[in-house]
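A structural walkthrough
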Amino acid sequence: MQTEQRSYRLDWISIVLFLLLVIFGWFNILSASHHGEVTNYFDMDQPYGKQALFILMTFGLIVITLAIEAKFYERFASIIYFISLLSLAGLFIFGKNVNGATSWYGIGGMTLQPSEFAKFATALAVAKYISDLQTNIKTIKDQLRCAAIIMVPAVLILLQNDAGSTVVYGAFFFVFYREGIQQIYLLIGVVALALGILTLKFGITTTVIITAVAVICIHFFGKKRRPMILESASIFLLCAGLCFGVNYFYENILKPHQQDRLGLWLRLEKDPQKLEEMKQTILYNLNESEKAISSGGLNGKGFMQGTRTTGKFVPEQHTDYIFSTVGEEWGFVGSALLVILFVSLITRILYLAELQKSQFSRVYGYSVASIFFVHFMINIGMVMGLIPTIGIPLPFFSYGGSSLWGFTLLLFIFIKLDSNRLYDW
Amino acid sequence: MRKLLLFSLVISVGLVFIARLFYLQVYKPDEYSLYDDNAIRKVYDYPKRGYIYDRNGVLLVANQPSYDVMVIPREVRPLDTLEFCSLLRITKQDFINIYTKAYNYSPRLPSVFIPQLSRNDFAMLQEKIRKFEGFYIQKRSLRDYQRSIGANVLGDIGEVNNYIIQNNPYYKMGDLIGKQGVEKTYEDVLRGVKGIKFIQKDRFNRDIGPYKEGIYDTLPQSGRDITITIDATLQEYGELLMRHKRGGIVAIEPATGEILAMISAPTYNPNLLVGRQRSANFNKLYHDTIAKPLYDRGLQAMYPPGSPFKILNALIGLQEQVVTTEERFGCNLGYSYGGRKMGCHSHASPLNMNGGIYNSCNAYFANVYRRIIDKNGNPGDGMDVWSKHVKSFGLGDFLNNDLSVGQPGKVPDRKLYDRTYGENRWGSTYNLSNAIGQGEILTTPIQLANMAAAIGNRGHYYTPHIIKQIEGGEIDQKFTHPKHTTIDKQYFEPIVQGMFDVYNHGTASTLKVPGIEICGKTGTAENFTKINGVRTQLTDHSIFVAFAPKDNPTIAIAVFVENGYWGSRFAGRIASLMIEKYIKGEITRKDMETWILTHGLESEYAKPYSGEPFTINKGATIDIIPMEDKPKSVK
């Protein structure tokens, strides 16, 4: 009786959305990676064949995830987290270098990317820590500890030269904000982001002058209360410092290709001839993917009929650039539908997270939604040229076993936690 | 509040994405066209180009296959180079050079390894090509001229240039298009419509199969055959007669305006402009600025017509009723006016119109011309009337026909002289040379032939044209409707009789052909050239205009031989021979034929370029060509 009730309480909406994404994703991988006639959909030499196997194995993974007692995840959160950290650290010794990043373990013919699994582990750890009765997220001490929980894996991943995956850990900001960190962080975040963009776009001098004017305005015409001169001055100095910091970071810490990506996004290069040259080099990927998407038109060219997809004009199309296949072959209708699918899945998770009675489940759910959101925003934004190029996969869609399993675990642990909602205290 | 941050972000990012997608795909999509998609290779399937037949159904132009050896360097596997080279008859060094060039162009794309193999080489290679991986044979189609005649009529095809590509979307780089002759004017009919295949490429530009299983592909539509009005036998004969001379012959069927023969000498074998040697040969022809073989003298050479033009003055005189056929004018070895004298040769005097024509008396026509111009006391009015009559014979303007080149010639009018001398400050004596076809008048041989046709038809002509029949099509209406001259029919008969008497007892009496009543008129045109900037007179051009038979003529002809001295010397003989050949099919005046075949003018043509002083007209030279050298008529 009890078990029956539990199984009925799985959130089928999320599961259906998940299935739609995975299946639609596989068809696009098939389209993007096939050569000529497809004779065997499980051809292990081809990405689509491997992905088909990964998807089958995913179902096994889901069964296991759902079979495990919900409480297990909360109790073992720390242990899972530490195992994950160990696996990340182990890469420095046993890691396999692919495309400049040391993010893979080679096991037999397969490769595993621990950073994909570190996401759910970190989410569990964050949920566990915040839901601890003794934790008060409003205190600096706990904020620092929370930050540490996400910083350790983030830094390890960054050291393996996988800057894209590192950015994802920024997603936890939404979790902390939801759980009650001070409003000022949001303000600081927004101001810092704005200042950073302004500095890179218009240079330090202009930005500092803009900041000065803004600070003076707030100082003299601020509504609530008149801040002290010293206060305003130090805010101004901090902002100015930030400008210099951003500039230094851009000039000296970022690698040339990262500088180029950022520079392109901010339209820093004005020389049309150089731009034309860039289209052949660093802009090539983006340029081809935008062309593929816009050539799709309203209805698309049809499944397996995209000329640019079939011609393999977009490099990495079955992984990070899979969305361009959707754009070309399924057109505006298909791509918009995909965006709606993702938005639905994320909002569904958010909705469910808010329903949770246990703080652990809520924080975890929120983490899942945030991580999906960041992946969704960066990946599709990048492929359409709205966001500087950051190479991270589109959840459930991009080719890759590790990422598929990582995201599946992320989602289904939450579905399991959610199914247990009524029994939580 | 805090719950809403992420939620609203998710929704807004979703909306931004959909907006961006809308912008990229619906609002401003790349104007998508299969033709512009660089992921699709467009492979054209060229249709068979239409054949060209002569008026009797003799095939003149067909197509021949040609074989290019192609190479894709990446696919080449170690091979027996020695055998391969000997098959292609190249050295090993050639092989290395060509291969390197192809590899540098692209290792993945096909390059032409050896273009246009001969049939024999192809046959040898075809057996063994499978042994040489990475090489294959591509078939092309080239023009095949069945007979070596009519290069100027048939023209040639060559690759389109950038100008054409930009202005006509049908043509793509490397396509062939008619460049001269009927190949050019009937390009649209002959070429057909090429088919297209869309082939999916990958990013290395390799073909990976038909796009969408070929649903957008089209089949080529064959070019249509055409029949032209040329009589191949006559054309061939004319070219034979014109050997060792320069000039042009145009023969027209007066009843239809169909061009029976159109010869320009010197000419060339049209097969020179086909195949591997095309561009080398074309350059050679193009840069021959002395003999100008690409210059169609029948259509483009503008010269004062000389005496044949007198016939028109006689007709205009009758039409304007300023002279009767019986009125006689005296000639004292010329016509004196205002202290000057226009010379004439020695003949009986005075002469009526008939005598004036067959003796080609300059004084007679000077009188007639002055009467026309001074008819109502105003030379300007007289000149315009005269000019209108002359132009009604198709002179002074493009004939507007279906030949790829042409010249308008020139017929002066009041405006010209007003501009030169000032209004009302000139009279008929100012341009008296017009009376005898010199002066300001310029005509081309085809215009003279057309004039002869109009006279033979007693007052109308059909625009001379080259097209007789288009497979599954109609020829232009303008070629089937007669154009009428401004001279009334009744005035032609005495003139025709005059021209007939040119053969009976006039300047062409030695050229008679038994059994054919030919009407003709000799002509001699003074001409000049510049040698080191000095205007120098050269030996006169020999001109002859004729039609036959006298009533219901079947052929009208104009012959023009550069520096041939006087009309009956070269042009008259050639005209008579051509007429006999066309009407009888065989030559009875063997003496005349032999004379023409054994006499040439090449040393006369060499004179102005020799740098030595030289003599003209009475001092003209003539080459004797031994009969053995008589070129065999080429089949």
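Just so you know, these numbers come straight off a predicted model, no measurement behind them.

Taken together, the 31 residues of chain B in the interface contact 37 residues of chain A. Secondary structure elements with two or more residues in the side of chain B that touches chain A: α1 (2–27), β8 (195–201) and β9 (207–210) of chain B. The leading source of residues in the side of chain B that touches chain A is α1 of chain B, at 17 residues. Taken together, the residues of the side of chain B that touches chain A sort by class into 18 nonpolar, four polar and nine charged.

This brings us to the environment of Ile79 of chain A. Residues and elements named next belong to chain A. Mapped onto the elements, Ile79 comes out in helix α5 (residues 77–94). Residue Ile79 is classed as exposed on the basis of its 12 C-beta neighbours within 10 Å. Here the alpha-carbon distance between Ile79 and Ala125, two residues 46 residues apart in the chain, equals 8.8 Å.

Moving on, we come to the sheet that holds strand β1 (residues 40–45) of chain B. Residues and elements named next belong to chain B. The sheet built from three strands is open, its strands ordered β1-β8-β9 with antiparallel pairing. Each edge of the open sheet carries a strand with a single partner, namely β1 and β9. Here the strands of the sheet are splayed against their neighbours by 40° on average, with no regard to which way each runs. Note: β1 against β8, six bridges, orientation antiparallel.

What follows deals with helix α18 (residues 359–383) of chain A. Residue and element names in this part refer to chain A. Helix length check: α18 (25 residues) gives 36 Å between terminal C-alpha atoms against 36 Å at 1.5 Å per residue, within 8%. Counting buried positions over the 25 residues of α18 gives 24, a clear majority of the element. Gly385 sits one or two positions beyond α18 and adopts a positive phi of about 80°.

The next thing to look at is the sheet that holds strand β1 (residues 96–98) of chain A. All names here are of chain A. Across the sheet, which stays open at both edges, the three strands sit in the order β1-β2-β3 with antiparallel pairing between neighbours. Only two strands of the sheet have a single neighbouring strand rather than two, namely β1 and β3 (110–112). For this sheet the average axis-to-axis angle between neighbouring strands, irrespective of direction, equals 55°. With two bridges connecting them, β1 and strand β2 (residues 101–107) associate as antiparallel partners. Its bridge partner being in β2, Lys96 is matched across the sheet by Trp104.

Working note: non-glycine residues mostly have negative phi, and peptide bonds are mostly trans. All names here are of chain B. Going from Ala265 to Pro266, the amide bond is cis rather than trans, its omega being -5°. Relative to the elements of secondary structure, Pro266 occurs in the loop between β12 (258–265) and α10 (278–286). Residue Pro549 is bonded to the preceding Ala548 through a cis peptide linkage, with omega at -10°. Even without glycine at this site, Arg458 takes up a positive phi of about 60°. With respect to the helices, strands and loops of the structure, Arg458 is situated in the loop between α17 (445–456) and β15 (460–461). Since 20 C-beta atoms lie within 10 Å of it, Arg458 is described here as buried. The phi angle at Asn532 is positive, at roughly 50°, despite the residue not being glycine. Tracing the chain through its elements places Asn532 in the loop between β18 (519–531) and β19 (534–548). Overall, Asn532 belongs to the exposed group, with 6 C-beta atoms counted inside 10 Å.

What counts and how
- Residues numbered from 1 in each chain as written.
- Chains lettered and ligands numbered in written order.
- Predicted model: local features only at pLDDT ≥ 70, side-chain atom pairs only at ≥ 80, totals over all residues.
- Contact = placed C-beta atoms within 7 Å.
- Helix = DSSP H or I, 4+ residues; strand = E, 2+ residues; numbered from the N terminus.
- Nonpolar A, V, L, I, M, F, W, Y, C, P; charged D, E, K, R; others polar.
- Buried ≥ 20, exposed ≤ 12 C-beta atoms within 10 Å, placed from the backbone.
- Pairing = 2+ DSSP bridges.
- Axes fitted to C-alpha atoms, helices over the stretch in contact; angles between N-to-C directions.
- Expected span 1.5 Å × (residues − 1).

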